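# Summary of the model geometry
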Amino acid sequence: MCVASAESLAAIKLRVPAKFSNRGPRERRVIPLRAAAAQAPATMKLRVLALHSFRTSGSIFRDQLEALGNWSDAIGDLCEFVYVDAPHPASGEVPEDVASFFQGPHFEWWNATSFGVEGKEGKVLQYEGLEQSLEFVEEVWRTKGPFDGIVGFSQGATFTGLLAATGKVEGRGPFVPRDAGDPGAFAILISGMQARTEEAKRLYTEASGEMGMDIATLHIVGETDRAIPPAMSDRASQMFVEERRAVIRHGRGHVVPRLDGDNLKSVRSWLQEQLNAKGRYRAGGTTAAL
């Protein structure tokens, strides 16, 4: 069973997320643990911090993953998710496809704005609220952990990539480089892209180096995604070292996909690798198999 919670920076407190606006209460089922592969204890699960998309919420992401996406049924024996609300209330209009289907309140990790005078260089793009969101996730990671990784969708996935680069370059947050043998935090990016500010580009270049960021990543790409086209998600995936990078594609658009067929097998296999790496490290081994 995947655990759901939501928090605010001022008073970080777990709460039960809201339901769909057009659904009645949903009975939560206990999913029995399946036998894990050798090297990971049968009772061991990955604990994953979940970062929602632009102007949605932790509870909306919970419904996208667990109800529409069936992730709790498909992989609930391998991991549990902890959902949080971004520290900023939506600063503008909520997308129609969100507002018409999901209850508020709605939140954002940042709002993209530009400043300066149009000219040869054009206006400068900035992400208002990004620094506060970085500090918020650092606080959640420190006070509500331990966590094994992060999953993000859309703006949440782009934010996860920024967190990864910030950890490598500035030595802060969930992706701070670990001791030898420690697999560190992993990242699952659903419909992610590279952030577009000049500061983000600098971070990516420094963090990636020649080989890419040494972080285990799973990139889930929608082949018909018009909001973040596949080429943009592919470009974001290439910031990470190839040996620890997996890319899965589905035929839908800008959504959290249901896990079934070969994609389900691939996701389960990837998560099992992360579990095994954690198990070996805790037992005093190495992560060489990754």
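The structure reproduced in this document is the subject of the present report.

Scanning all chains against the criterion turns up two cavities of 30 Å³ or more. The space that makes up the largest cavity amounts to roughly 40 Å³. In terms of lining residues, the largest cavity is bounded by L189, S191, G192, H219, I220, V221, S233 and A236. Of all the elements in the fold, those that place two or more residues in the lining of the largest cavity are β9 (217-222) and α7 (230-237). Approximately 30 Å³ is the volume attributed to the second largest cavity. Lining the second largest cavity are L134, E138, L163, T166, G167, R172, G173 and P174. Broken down by secondary-structure element, the contributors of at least two residues to the lining of the second largest cavity are α4 (130-143) and α5 (155-170). For the lining of the second largest cavity, the class distribution of residues is three nonpolar, three polar and two charged.

Moving on, we get to the environment of A195. As for its placement among the helices and strands, A195 is situated in the loop between β8 (186-190) and α6 (198-208). Here A195 is in contact with Y127, T158, L162, A200 and Y204, once residues within four sequence places are set aside.

In this section: the packing of α4 against α5. A pair of packed helices can be characterised by two numbers: the angle between their axes and the separation between those axes. Viewed as axis vectors pointing N to C, α4 and α5 meet at an angle of 75°, and their least axial separation amounts to 11 Å. In terms of their interaxial angle, α4 and α5 are classed as roughly perpendicular. Of the residues in α5, those touching α4 at L130, S133, L134 and V137 are F159, L162, L163 and T166.

What follows covers α4. Every α-helical turn comprises 3.6 residues, leaving residues that sit three or four positions apart pointing alike. Spanning 14 residues, α4 covers 20 Å between terminal C-alpha atoms, matching the ideal 20 Å at 1.5 Å per step. Within α4, the full set of buried residues consists of L130, S133, L134, F136, V137, V140 and W141. Buried positions in α4, seen along its axis, are confined to an arc of 160° and lie on one side of it. Those residues of α4 that are buried are in contact with β1 (46-51), β2 (79-84), β3 (88-89), β6 (124-128), β7 (149-153) and α5.

For the rest of this paragraph, the subject is the nonpolar core. Grouped burial of nonpolar side chains is what soluble globular proteins tend to show. Judged by nonpolar contacts, the single largest core of 37 residues is most densely connected at L49, L51, W109 and F159. Elements supplying a minimum of two residues to this core: β1, β2, α4, α5, β8 and α6. Counting residues in each nonpolar core, the second largest holds 28 residues, with L46, L78, V151 and A216 among its members.

Relative to the helices and strands, W71 is located in helix α2 (residues 71-75). According to the relative accessible area criterion, W71 is buried, its value standing at 1%. With ten residues separating them along the chain, W71 and F81 place their C-alpha atoms 10.0 Å apart. Leave out the neighbours within four places in its chain, and W71 touches L65, E66, G76, F81, I190, I220, V256, P257 and L259.

Calculation criteria
- Residues numbered from 1 in each chain as written.
- Predicted model: local features only at pLDDT ≥ 70, side-chain atom pairs only at ≥ 80, totals over all residues.
- Heavy atoms only, no water.
- 1 Å grid on protein atoms, 1.4 Å probe; cavity = no way out; pocket = protein on both sides within 12 Å on 5 of 7 lines; lining within 4 Å.
- Points joined across faces, edges and corners; volume = space filled by probe spheres on them.
- Helix = DSSP H or I, 4+ residues; strand = E, 2+ residues; numbered from the N terminus.
- Nonpolar A, V, L, I, M, F, W, Y, C, P; charged D, E, K, R; others polar.
- Contact = heavy atoms within 4.5 Å.
- Axes fitted to C-alpha atoms, helices over the stretch in contact; angles between N-to-C directions.
- Parallel < 35°, antiparallel > 145°, perpendicular 65-115°, else oblique.
- Expected span 1.5 Å × (residues − 1).
- Buried < 20%, exposed > 50% of the residue type's maximum accessible area, 1.4 Å probe, protein only.
- Arc of directions from axis to C-beta.
- Core = buried A, V, L, I, M, F, W, Y, C linked by side-chain atoms within 4.5 Å.

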